Amino acid sequence: MASRTLIEINKITKVFRSLDGADVLALEDVSLDVGLSEFVSIVGPSGCGKSTLLRLVAGLTGPTEGRILIDGDEVTEPRRDIGMVFQAPTLLPWANILKNVLFPLKVLHRLTADSENRARELLKLVGLGEFEKKMPSELSGGMQQRAAICRALIPEPKILLMDEPFGALDALTREEMSLELQRIWTERPTTIIFVTHSVPEAVLLSDKVCVMSSRPGHVKEVIEIPLARPRSYSLETEQEFQNISQRIRKHIFENQTSARRIGAA
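Residues numbered from 1 in each chain as written. Predicted model: local features only at pLDDT ≥ 70, side-chain atom pairs only at ≥ 80, totals over all residues. Heavy atoms only, no water.

Asks: Pulling in residues and values, what's your account of empty space enclosed by the protein?
Replies: The tally for this structure, following the rule as stated, stands at one cavity of 30 Å³ or more. Of the volumes computed, that of the largest cavity is approximately 40 Å³. Around the largest cavity, the lining residues are Leu153, Leu160, Leu181, Ile184, Trp185, Arg188, Thr190 and Ile192. No other element matches the three residues that helix α5 (residues 171-187) contributes to the lining of the largest cavity. Classifying every residue of the lining of the largest cavity by side-chain character gives six nonpolar, one polar and one charged. (1 Å grid on protein atoms, 1.4 Å probe; cavity = no way out; pocket = protein on both sides within 12 Å on 5 of 7 lines; lining within 4 Å. Points joined across faces, edges and corners; volume = space filled by probe spheres on them. Helix = DSSP H or I, 4+ residues; strand = E, 2+ residues; numbered from the N terminus. Nonpolar A, V, L, I, M, F, W, Y, C, P; charged D, E, K, R; others polar.)

Here it is in structure tokens:
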């Protein structure tokens, strides 16, 4: 049964003004619905506007045309009920891991007597329970990213936006973190929009995958992922997984071929 719609992205177009004064059309007529507690991945060629779309949902920038609604309310400014995780963990180097996780609550003036206990529960959830007093420099890249996920979750956001969160990790750590994120999302369901260049990662994690075109980015297809959960990378050998992956890749390769033809014209 489909969940109720939480995020409505309605006919979004975004134009940027470049330094030389020219207009750059980044997104064109993008529409996408995201359900409550749904995991949606966005894939597409580099420069197609995936990260721009996340910033629009977060209210960090506004659309040129169209609108975005969250629970029926139009997004017109940054929202406190949205957490973000970026490719780099961007932890505070002078603060230990526990204080890094608590930092958003400090900024929002929402620290309570129970905040440290909640932070410790999150760290335990991601396997960092014994590292709360460690400094970021003492942790591996994967461990730092786990801490960054805890930091994003501590304010209990309604929506979590993740922009290539595992892109800087080695292949094995990336797979480990993908499975870890699936487990965290299963135990603490929240609505996630996840940008990735990895097709297997998108298929593994998502309820549906939004495939975008080359710039100006628009939605080529939204593909439902019917695979049973929990999932593991052993599914990559299954025919259904391969069929879905090939369907996504076909769109991306078509985009890249069209872009090359236009460039050669």
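Asks: Could you give an account of the side chain of Glu201, with specific residues and numbers?
Replies: Here Glu201 lies in helix α6 (residues 199-205). A polar contact of 2.9 Å, which involves the side chain of Glu201, links it to the side chain of Arg174. Among all residues touching Glu201, those that are not within four sequence positions of it are Phe166, Arg174, Ser178, Phe194, Thr196 and Tyr233. (Polar contact = N/O pair within 3.5 Å; in protein donor to acceptor, adjacent residues only side chain to side chain. Contact = heavy atoms within 4.5 Å.)

Asks: Can you break down the sheet that holds strand β8 (residues 191-195) residue by residue, with the values?
Replies: The six strands are arranged β6-β7-β8-β3-β9-β10 in an open sheet whose pairing can be described as mixed. At either end of the open sheet lies a strand with only one pairing partner, and these are β6 (82-85) and β10 (219-224). Sheet twist, expressed as the mean angle between neighbouring strand axes with direction ignored, is 15°. Examined bridge by bridge, β6 and strand β7 (residues 159-163) share four bridges and lie parallel to one another. Residue pairing in the sheet places Gly83 in a bridge with Leu160 of β7. With respect to the sheet, helix α1 (residues 50-58) is in contact with β3 (39-43), β6, β7, β8 and β9 (208-212), its orientation differing from that of β7 by roughly 155°. Against the sheet, helix α4 (residues 141-153) engages β6 and β7, with an angle of about 170° to β6. (Pairing = 2+ DSSP bridges. Axes fitted to C-alpha atoms, helices over the stretch in contact; angles between N-to-C directions.)

Asks: Could you give me a rundown of the layout of surface pockets, with the residues and numbers involved?
Replies: In this model, the largest pocket occupies a volume close to 550 Å³. Lining the largest pocket are 21 residues, and of these Ile82, Gly83, Met84, Pro104 and Arg151 sit closest to its centre. Of all the secondary-structure elements, those providing two or more residues to the lining of the largest pocket are β6, α2 (97-107) and α4. With four residues, the top contributor of residues to the lining of the largest pocket is β6. Of the residues belonging to the lining of the largest pocket, the class tally is 16 nonpolar, two polar and three charged. Lining the second largest pocket, in full, are Leu92, Trp94, Ala95, Lys99, Leu102, Phe103, Lys106, Leu111 and Glu116.

No statement about biological role is implied by the geometric values presented.
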